[in-house]
Every structure is written in structure tokens, then in C-alpha cells.
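Chain residues, written in single-letter form:
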Amino acid sequence: MPRRSFCLLRRDRQRDNAHAEADAQHREALAVANEQRQAIAAQNAAQLLELLQRNTELTELTQKLTVRVETLTVELHEKLLQKDSKP
């Protein structure tokens, strides 16, 4: 084989090796980025769950307070009516 053919083969092999190395680095970078995205997604899901639980607690408290205010309003109204009806 002529010397030129060996040079071309060596150059092709070096180029192929460089491409293979670049591909491997790219795949590794993609894997790391994917792991980071998954960790962030898990953290966001946990935060969302906590916010939903707090929202549920606040909604229940608001309901209880609303019922209490309504009860007090009715009681006050009845007392005022009784006071007005007494001579």
C-alpha cells in the first residue's frame, strides 16, 4: 500500500476516534443534565404537595371561621331582637 494510503487511514482513524470521544462526552453531558432535571422535578413535586396540603389546611380553617362568624351573627341578631321586643 502506498504511504499516502496509510496517512489517509491514520487520519480517518484519528478523526473517528475524535468523533467517538466527542459523542461519549456529549452522552455523558446529556445524562448529567437529565439527572439534574429529574432532581429539580422531584423537588418541585415535593414543594407542590406541601403547598397543596397547606392550602387544604387554610381552606378548612376558613370554613370553620366562616361558620363561627355566621353563628355569632345569628346569636347577636337574636339578642338585638329580644332587646327591642322588651318594653
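Residues numbered from 1 in each chain as written. Predicted model: local features only at pLDDT ≥ 70, side-chain atom pairs only at ≥ 80, totals over all residues. Heavy atoms only, no water.

1. Points about the overall build of the protein chain
Moving on, step 1. Within the protein chain, the secondary structure is distributed over 1 helix and 0 strands.
Moving on, step 2. Each principal axis of the C-alpha distribution contributes one length, and for the protein chain these read about 130 × 15 × 10 Å.
Moving on, step 3. Just so you have it, the protein chain exposes about 8400 Å², and 58% of that area is on carbon and sulfur atoms.
Moving on, step 4. Between the mean site of the 14 positive side-chain charges and the mean site of the 13 negative ones, the protein chain shows a separation of 12 Å. (Helix = DSSP H or I, 4+ residues; strand = E, 2+ residues; numbered from the N terminus. Areas by Shrake-Rupley, 256 points an atom, 1.4 Å probe, with all protein chains shown as cover. Lys, Arg positive; Asp, Glu negative; His and termini not counted. Charge placed at Lys NZ, Arg CZ, Asp CG, Glu CD.)

2. Thoughts on the pattern of salt bridges
Moving on, step 1. This model, assessed by the stated rule, comprises 2 salt bridges.
Moving on, step 2. With its nearest N and O atoms 3.3 Å apart, the salt bridge here joins D12 to R15. Taken together, the positions of D12 and R15, both in helix 1 (residues 3-85) and 3 residues apart, correspond to about one turn of that helix.
Moving on, step 3. For R15, a relative accessible area of 41% corresponds to the partly exposed category.
Moving on, step 4. The partner of E50 in a salt bridge is R54, and the shortest N-O contact between them spans 2.7 Å. Separated by 4 residues within a single helix, E50 and R54 lie in helix 1, roughly one turn from each other. (Salt bridge = Lys/Arg side-chain N within 4 Å of Asp/Glu carboxyl O. Buried < 20%, exposed > 50% of the residue type's maximum accessible area, 1.4 Å probe, protein only.)

Scope: geometric values only; no functional claims are made or implied.
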